[in-house]
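# Fold and geometry: a report
Here's the letter readout for the chains.
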Amino acid sequence: MGNNEKRAPQGPNPDSHIHDLLSTVLGVFAATLLVTLKLHIDEPAADYPFYKGPKIFPILVLAVMVISSLPSLYRLIRTFGSGRWWLDGYGWPNKPAVVTLMLVLFFLFGITWIGVEASVLAFMSLSFLVLGYRRVGVNLLYPLLYTIIIVVLFKYALEIWFPEPLMFGLFGV
Amino acid sequence: MWETISQALAATMTVMNLVALSAGGIMGIIVGIIPGIGPMVGMVIILPFTYSLPPNLALSVLLGIFCGGYFGGGIPAILLRTPGVPSSMITSLDGYPLTQQGEAQLALSAAIVGSFSGGIISVILLMLMAPALSKVATSFSSPEYCMIAVFGLVVVLVMNRKQIARGALLTALGLWFSTVGIDSGTLVPRFDFGSVEMQNGLNVAPMCLGFFGIGQSLLLLERKVLQTESLALTRRALDFSKIFAVLKYRMTLLKSGVIGTMIGLIPGTGSITASFFSYYEARRSSKNPELFGQGTPEGCLASEAGNNAVPAGAMIPLLTLGIPGDPIAALLLGIFTVNGIFPGPLLLVKEPVLIYTIYFSLILINIVAFVTLALFLRPFATIIRLPSAIIAISVMVISLLGIYAMNLNIFEMGVAIAMGIVGYIFLRLEWPIVPWVLGFVLGPIIEQRLRESLSISRGDPMIFATRPISLSLVIACILIVIIPMVIDWKKNKVAKG
């Protein structure tokens, strides 16, 4: 099999352990919440019967989560050593998705620190750079145009207030 | 009655409403044409901007995107065999072979006429069925509402029965997310993990926007959905002689519109099922069934009429019962509640002008989408050539800023990013995500109605089995679980034996 064929997009393997692992993680999460429910839901001030109280519905849905994850837990334990971890033909983890996600987080903090204009411009330019674009039109002109549209739309047309960039305070602007 | 209709017509024909529905329809066509985006993502991007609009304008924009998305979705399916929306996959079965035979115009005419007819037929059915269902629903009380919502979730699970455990897990996860924040009944904070912001609960807009807008964009970056430099279209507009050629399939149009509407009103079934059943019914009753799959305009027409009938069909349970049948209807429910309007059996009595405005707007949206695509087919089709990375990054930026604009709250942007990660994981694993969304949206309805029902019966769950309508719904829930299981079991037995 050639390298190109190996990289050809293939749908997820329904028998991959990744599915069972995720189901189990969600089931364990629900079980933990069930066991520690008292920490997450206070007793109400008034004396409600259980069926009117705040716990009945969360208990029901968390129990459904735990029960639904049990088949996956069983499969995971029974066939753990079989090595069925291959998921699909897109790699794991995938660089464009992971790096873009990190840039999105910087974008979030950037709004507070450097302002919405610089944040949008930097996020878009860097994302296109990471995604392999090396053209002035895509890396600079399009982000610049998009930033202008965003600023006009949000700041002037919709009159949305954005926080003053903290950097301005640091430099005494 | 006539006064209501004339007031609704006047409200529909205002300049602002016409602009709103036209803008929504055109945006819907654009997001429908771009493979991997679709009407859901288009709607969640626009959702934060619509919260400040009057309800009729907000609904016109969102319904425009909803319907326009299905109009647009057929174009890449026919030209490239890449459906813009999942339900257009069925359209490509005949549309793409027609394109290969040099009959792209015929296929597109069939798809656009199908979408238009399906949309109009479904609005007429909505106008006829909604009042009747509303009358029945006036006798409903908490146990019936609780069971209808549960029925919706069960239908969604059965539709995803190949992954039933994952579907149940995601439904429950969605239901659990809906419990985060201060409990409205007892004012007790739940699952806030020590965060003051979490006490406000998780809003549907950042949750859905993160899940679909950011999650889908991340997937788009990874998958690099098909891009093309060539288009098999020589004319700028649709060839009108082809439109008349496809009008001979009138019965197929009618049947597909009715099938699509009926499937749309069943919670959780969605447009793929509508397209599928419309297509197979058209093939079953066709004089030339052997042409299906080889390239017949009748196949494109049936599939598109079926999927574009879904939006109006999905409005029926939303308007009459207050229960959204699919994620898109759930977003529309948000628009109603933000404006202090609570859909249910009394909505048709309390807000008749708004309801008729919605009906007329839906008709106009279909006309606008049809005319726009018929006149500017090639300019819209060239959207397919946009690089997916540029679309994905632009969608992310506008999604996050839209979320911030709703409540000027950076925490909700964080929620959207977190849900984007969760959405990306589930989309990448191809887990059924509709149960998650419906669980999240129906959670508060089920919880409130469950507690009210148990309060009426002083904690006795048998209340659900002692009232005729709720008992019928309990039996219906059991039957729709058991019947497909028995059918699958018989099929397996035949296959083995």
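Before reading on, note that the structure itself is shown above.
Residues numbered from 1 in each chain as written. Chains lettered and ligands numbered in written order. Predicted model: local features only at pLDDT ≥ 70, side-chain atom pairs only at ≥ 80, totals over all residues. Heavy atoms only, no water.

## Description of the overall build of chain B
Our working rule: Helix and strand definitions follow DSSP, with helices as H or I runs of at least four residues and strands as E runs of at least two, each counted in order from the N terminus. For a compact globule the rule gives 2.2 Å times the number of residues to the power 0.38, and the radius of gyration it is set against comes from C-alpha atoms. Throughout, exposure labels follow a simple rule: accessible area from a 1.4 Å probe, protein chains only, divided by the maximum for the residue type, with under 20% read as buried, over 50% as exposed, and the rest as partly exposed. The criterion used for residue contact is that any of the two residues' heavy atoms lie within 4.5 Å. What sets the accessible areas is the Shrake-Rupley method with a 1.4 Å probe; for residues, cover comes only from the shown protein chains. Under the counting rule used here, the positive set is Lys and Arg, the negative set is Asp and Glu, and His together with the chain ends is not counted. By convention, charge coordinates are those of NZ in Lys, CZ in Arg, CG in Asp, or CD in Glu.
What chain B contains, in helices and strands, is 23 helices and two strands. Computed over the C-alpha atoms, the radius of gyration of chain B is 22 Å, within 12% of the 23 Å expected from 2.2 N^0.38 for a compact globule of 497 residues. Projected onto its principal axes, the C-alpha positions of chain B cover 70 × 60 × 55 Å. Across the 497 residues that make up chain B, the buried fraction comes to 63%. Restricting to contacts in chain B with at least 6 residues of sequence separation, those with at least 24 account for 79%. Here chain B displays about 18,100 Å² of accessible surface, and carbon together with sulfur accounts for 67% of that area. Side-chain charges in chain B split into 29 positive and 22 negative, and the spacing between the mean points of these groups amounts to 9 Å.

## Quick word on the packing of helix α14 (residues 310-321) of chain B against helix α15 (residues 327-338) of chain B
Residues and elements named next belong to chain B. Counted only if it meets this: Think of each axis as a best-fit line through the C-alpha atoms, taken over the contacting stretch in the case of a helix, with angles from 0 to 180 degrees between the N-to-C directions. Just so you know how the angles are binned, under 35 degrees is roughly parallel, over 145 roughly antiparallel, 65 to 115 roughly perpendicular, and the rest oblique. The sense of a crossing depends on the near helix, which, turned anticlockwise from the far helix by less than a right angle, makes the crossing left-handed and, turned clockwise, makes it right-handed. Residues are sorted three ways: Asp, Glu, Lys and Arg are charged, Ala, Val, Leu, Ile, Met, Phe, Trp, Tyr, Cys and Pro are nonpolar, and all the rest, Gly among them, are polar.
The interhelical angle for the contact between α14 and α15, taken along N-to-C directions, is 40°, at an axis separation of 10 Å. The orientation of α14 with respect to α15, classified from their angle, is oblique. Here α14 and α15 pass one another in a crossing that is right-handed. Residue-level contacts link A314, M315, L318 and L319 of α14 to A329, L332, L333 and F336 of α15. Residue classes in the contact of α14 with α15 are distributed as eight nonpolar, no polar and no charged.

## Some remarks on the interface of chain B and chain A
Put simply, the rule is: Two parts placed together each lose some accessible area; with a 1.4 Å probe, that loss summed over both constitutes the buried area. Polar contact criterion, stated in full: a pair of N or O atoms within 3.5 Å, where within protein one must be able to donate a hydrogen and the other to accept it, and residues adjacent in sequence count only if both atoms are side-chain atoms.
Tallying the contact residues gives 59 residues for chain B and 65 residues for chain A. Counting the surface lost from both chain B and chain A, the interface buries some 5,400 Å², and carbon and sulfur atoms represent 79% of this. Applying the counting rule to chain B against chain A returns eight residue pairs in polar contact (both at pLDDT 80 or more). Breaking the side of chain B that touches chain A down by element, the ones donating at least two residues are α8 (164-177), β2 (189-190), α9 (204-223), α19 (388-407), α20 (410-429) and α21 (434-456) of chain B. Of the residues assigned to the side of chain B that touches chain A, the class counts are 39 nonpolar, 10 polar and 10 charged.

## Comments concerning unusual backbone geometry
Residues and elements named next belong to chain B. Located in the positive-phi region is L187, a residue other than glycine, with phi close to 60°. Following the sequence through the fold, L187 ends up in the loop between β1 (181-182) and β2. Among the residues examined, L187 registers a relative accessible area of 64% and is labelled exposed. Backbone geometry at F193 places phi at a positive 50°, although glycine is not the residue there. In this fold, F193 is placed in the loop between β2 and α9. We classify F193 as partly exposed; its relative accessible area is 44%.

In short, geometric facts, not functional conclusions.
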